[in-house]
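Single-letter residue listing:
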Amino acid sequence: MDPRSQNNSENQIHGDDNEDQRSGDEADKLNNFKHNINEGGEVIHENVKKIDMKKTLNDTTFILTCLKNHFVFYNLSEAELENIVNKMFYCEAAAQTYIFKQQDHATCFFILQRGSLEVIVNEKAKRELKTGDGFGELALLYNAPRSASVKCFEHCNLWGIDRNTFRRAVEEMITKEYEENRKFMEVVRFFHNLTNEQKDAIAAVLIVQKFYKNQIIVNEGDPGSSFYIIKEGTVSVLKGNKEVRKLYKGDSFGEQALYYNTVRQMTVRAEDDVKCLALGRDSLTKILGDQVHVVTFRNLQKWAFEKNALLSKLTKAQIDKVLDVMKISSCKAGDVILKKGTQANQKIIVIIEGSLKKSKSGITVATKAQAWGEEYFLQTNKAKILDDDIVMETDGVIAEITADNFIDCIGGELEEVIKKNEKILEKKLQKSDQTKKKEAQNIKKTELIHIKTIAYGQFGPVYLVKAKFNQQLYVLKAFNKNQINEQTLEKYFYFIFLCTFNKRSKYQKLLIFRLSSHL
């Protein structure tokens, strides 16, 4: 036992022994739950002995190092971290006792100073915690019950921080990140169908979490109560030990946790240093209420259309009309969606959860956020008959629309509508190009502001400039007329414009490229 806890054991906050006649561990645990009180008057529910003790310099350094390496606290300033350290209390827990159990009410976050702990999920040992490891933060972040049990292998000494102090630290971090997160939300597809007010409310509860290379973000089989959006970095999604796919900046995972009390279906691991925005189910439900399903389901349908080679050629208005009509239903593994021997072009199906397969061959034809059936709407495939039942491979949720309703929504047969859309788009691009050409032809030297030289090519430097009249950025390069004529460079000038840079010079021409939005 830590000598400091022996010297201060009388400071443990217990009720009178006569207050409860129960004996043994059960009575001790009850007393701890009932009488550990923090400075703010909040009951500490975890099964620990709280000890009054001043921190040494070594203690402070140890806690600071642990917090800086923890994904919740890494972004706080030195002063903010020191404030948290000053508020942390010292405590101990006996060997073979549970500090807390899965589904318990959550009060504290802990850092293990001495000893070793076992993390247990659904009565299965998952991992071991050693000196310097922090635990218990997720339930506090999302105001959810404990997602795992933590048991002492041996006598353990810990530093803890209570709910109110912890949340104040998180709120400071949220305030600091709010504007950046709110801006980032505008480019994340998951939030596209929300109102500005809903986005504002969600931005206020998003929490930035940092994970290091090879760190596990979520474990397959663990309870899920939070949803993640990748802000920086790359992650691998694993089923068992097999990599299923990689996710990048702007991608999200854990959507199921937002509308189901479920366990994680896959493990997600950081491929490099990763920043995620985390959103808890309770927080989102408070903001969106019953709309959680509507928003997430519609987003998944929309992504399926955007990823599909044919359906992505529909206009936004056409896609929205289709989504308004699509019928959503839950299915069980083995449910027959389309029967063998029937017309293949009966409907278009989007997988929201689960996967779709051919019954006899077992070939998977669609997985989450994928559409199936659209190819049979092409003229060459319209007469095709299914040679196998199309069934649900797993339990799941699908959205479907019949052929007649689909044709009504998009305004005609799929191929004809796509051709019309492409012609309209081509006209818009031509008009835009003409506008840009006209605009560039009228640019004068005096209207350009030199920003920097960005490269040196075969024919000289390339400049980044900005037009004063519209604040548009351009990439500018000067060519000698003889070079253009001798090497017939005009054939390489696609959507770019030539204009006189200096009227007094008859030998030099200015080549202006409109700067793409992604540069």
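As recorded by an unreviewed UniProt entry, the protein chain carries the name cGMP-dependent protein kinase and is attributed to Paramecium sonneborni. On record in UniProt, under Sequence similarities (unreviewed entry), the comment for the protein chain is "Belongs to the protein kinase superfamily. AGC Ser/Thr protein kinase family. cGMP subfamily."

Chemist: How should I be thinking about the sheet that holds strand β11 (residues 216-218) in this particular structure?
Modeler: What holds strands together in a sheet is hydrogen bonding between their backbones, with the strands either parallel or antiparallel. Here 4 strands make up an open sheet; going across it, the order is β11-β18-β14-β15 and the pairing antiparallel. The open sheet has two edge strands, β11 and β15 (242-247), and neither has a second partner. Direction aside, the axes of adjacent strands within the sheet are offset by 30 degrees on average. Pairing between strand β14 (residues 235-239) and β15: 5 bridges, direction antiparallel. Its bridge partner being in β15, V235 is matched across the sheet by L247.

Chemist: Explanation requested: the environment of R114 in the structure shown.
Modeler: Note that R114 resides in strand β4 (residues 108-114). Here the alpha-carbon distance between R114 and H155, two residues 41 residues apart in the chain, equals 8.1 Å.

Chemist: In this structure, what is going on with the environment of T60? I would like to understand it.
Modeler: Take T60: it is sitting in helix α3 (residues 57-68). Through-space distance from the C-alpha of T60 to that of E82 is 8.2 Å; in sequence the pair is 22 residues apart.

Chemist: So what exactly am I meant to see when it comes to the packing of aromatic side chains here?
Modeler: Given two aromatic rings, their pairing is described by the distance between the two centres and the angle made by the two planes. Under the criterion given, the structure shown has 6 aromatic pairs. Centre to centre, the rings of F110 and F135 are 5.6 Å apart; their planes meet at 25 degrees, and the pair counts as stacked. In this pair, F110 is assigned in strand β4 and F135 in strand β7 (residues 134-135), connecting sequence segments 25 residues apart. Just as F110 is buried, F135 falls in that class too. Taken together, the ring pairs in this structure connect F100, F110 and F135 into an aromatic cluster. One Lys or Arg, K50, reaches over the ring of F89 and ends 5.0 Å from the middle of that ring. Taking NZ or CZ as reference, K101 lies 4.6 Å from the ring centre of Y98, over its face.

Chemist: Just to check I follow, could you spell out unusual backbone geometry for this structure?
Modeler: Note: most residues except glycine have negative phi, and most peptide bonds are trans. Non-glycine residue E123 carries a positive phi angle of around 65 degrees. Turning to its location among the elements, E123 is positioned in the loop between β5 (117-121) and β6 (124-129). Given the relative accessible area of 80%, E123 is considered exposed. Despite not being glycine, A369 shows a phi value in the positive range, around 65 degrees. Following the sequence through the fold, A369 ends up in the loop between β24 (364-367) and β25 (371-372).

Chemist: Just to check I follow, could you spell out the pattern of salt bridges for this structure?
Modeler: Side chains that differ in charge, positive against negative, can pair when their charged atoms come close. Throughout the structure, instances matching the rule amount to 17 salt bridges. Of the charged contacts in the structure, one is a salt bridge between D320 and R298, with a shortest N-O distance of 3.7 Å. A residue pair is termed long-range when its members are at least 10 positions apart, and D320 in helix α11 (residues 316-325) and R298 in helix α10 (residues 291-307) qualify at 22 residues. Between K382 and E413 there is a salt bridge whose closest N-O contact spans 3.1 Å. Taken as a pair, K382 in the loop between β25 and β26 (390-392) and E413 in the loop between α12 (403-410) and α13 (414-441) lie far apart in primary sequence, 31 residues in all. K382 gets classed as partly exposed once you look at its relative accessible area, which sits at 24%. Sharing partners across several salt bridges, the network here consists of R182, E186, K199 and D200.

Chemist: Hey, could you run me through the sheet that holds strand β27 (residues 396-402) in this one?
Modeler: Here 4 strands make up an open sheet; going across it, the order is β20-β27-β22-β25 and the pairing antiparallel. Edge strands, defined here as strands with exactly one partner in the open sheet, are β20 (327-331) and β25. Its contacts with the sheet put α12 on β22 (347-353) and β27, and the angle it makes with β27 is roughly 70 degrees.

Chemist: Hey, could you run me through the pairing of β5 in this one?
Modeler: With 5 of 5 residues buried, β5 lies mostly within the body of the structure. In β5, alternate side chains face the same way, and those of L117, V119 and V121 on one face and E118 and I120 on the other are all buried. Sheet topology places β5 next to β6; 5 bridges connect them, and they run antiparallel. Looking across to β6, one finds that I120 is bridged to A125.

Chemist: Help me understand helix α4 (residues 78-87), please; the structure alone is not making it clear to me.
Modeler: Residues lying three or four places apart along an α-helix face the same way, a consequence of the helix completing one turn every 3.6 residues. Along α4, the positions that sit buried rather than exposed are E80, L81, I84 and V85. Viewed end-on, α4 has its buried residues packed into an arc of 140 degrees, placing them on one side of the element. Exposed residues on α4 whose side chains face more than 90 degrees from its buried face are A79 and N86.

Chemist: Sorry if this is basic, but what is going on with the side chain of R264 here?
Modeler: Summarising the element assignment, R264 is placed in the loop between β17 (262-263) and β18 (267-270). An unpaired buried charge is present at R264: no salt bridge exists, and D222, the closest side chain of opposite charge, is 7.1 Å distant. One polar contact links the side chain of R264 to the main-chain carbonyl oxygen of S226, over a distance of 2.9 Å.

Chemist: I keep staring at the nonpolar core and nothing clicks. Help me out?
Modeler: Where a protein is soluble and globular, its nonpolar side chains tend to be buried together. Formed by 48 residues in total, the largest nonpolar core has its most connected members in F305, L314 and F406. Per element, the largest residue contribution to this core is 7 residues, and it comes from α10.

Chemist: I keep staring at the packing of helix α7 (residues 196-203) against helix α9 (residues 281-288) and nothing clicks. Help me out?
Modeler: It is the contact of α7 with α9, at a shortest axis distance of 10 Å, that shows an interaxial angle of 155 degrees. The orientation of α7 relative to α9 falls into the category roughly antiparallel. Handedness of the crossing formed by α7 with α9: right-handed. Residue-level inspection shows Q198, A201 and I202 of α7 in contact with α9, the latter providing L284, I287 and L288. For the contact of α7 with α9, the class distribution of residues is 5 nonpolar, 1 polar and no charged.

Chemist: Please clarify how the packing of α11 against α12 should be interpreted in this entry.
Modeler: Packed helix pairs are characterised by how far apart their axes lie and by the angle those axes make with each other. Look at α11 against α12: their axes get within 8 Å of each other, and the N-to-C directions meet at 145 degrees. For α11 against α12, the interelement crossing comes out right-handed. Along its contact with α11, which presents Q318, K321, V322 and V325, the element α12 presents N405, F406, C409 and I410. Split by residue class, the contact of α11 with α12 holds 5 nonpolar, 2 polar and 1 charged.

Definitions and cut-offs
Residues numbered from 1 in each chain as written. Predicted model: local features only at pLDDT ≥ 70, side-chain atom pairs only at ≥ 80, totals over all residues. Heavy atoms only, no water. UniProt positions renumbered as here; feature names shortened; annotations may be inferred. Pairing = 2+ DSSP bridges. Helix = DSSP H or I, 4+ residues; strand = E, 2+ residues; numbered from the N terminus. Axes fitted to C-alpha atoms, helices over the stretch in contact; angles between N-to-C directions. Phe/Tyr/Trp six-rings, centres within 6.5 Å; stacked < 30°, edge-to-face > 60°. Buried < 20%, exposed > 50% of the residue type's maximum accessible area, 1.4 Å probe, protein only. Lys NZ or Arg CZ within 6 Å of the ring centre and 35° of its normal. Salt bridge = Lys/Arg side-chain N within 4 Å of Asp/Glu carboxyl O. Contact = heavy atoms within 4.5 Å. Arc of directions from axis to C-beta. Lys, Arg positive; Asp, Glu negative; His and termini not counted. Polar contact = N/O pair within 3.5 Å; in protein donor to acceptor, adjacent residues only side chain to side chain. Core = buried A, V, L, I, M, F, W, Y, C linked by side-chain atoms within 4.5 Å. Parallel < 35°, antiparallel > 145°, perpendicular 65-115°, else oblique. Left-handed = near helix turned anticlockwise from the far one by under 90°. Nonpolar A, V, L, I, M, F, W, Y, C, P; charged D, E, K, R; others polar.

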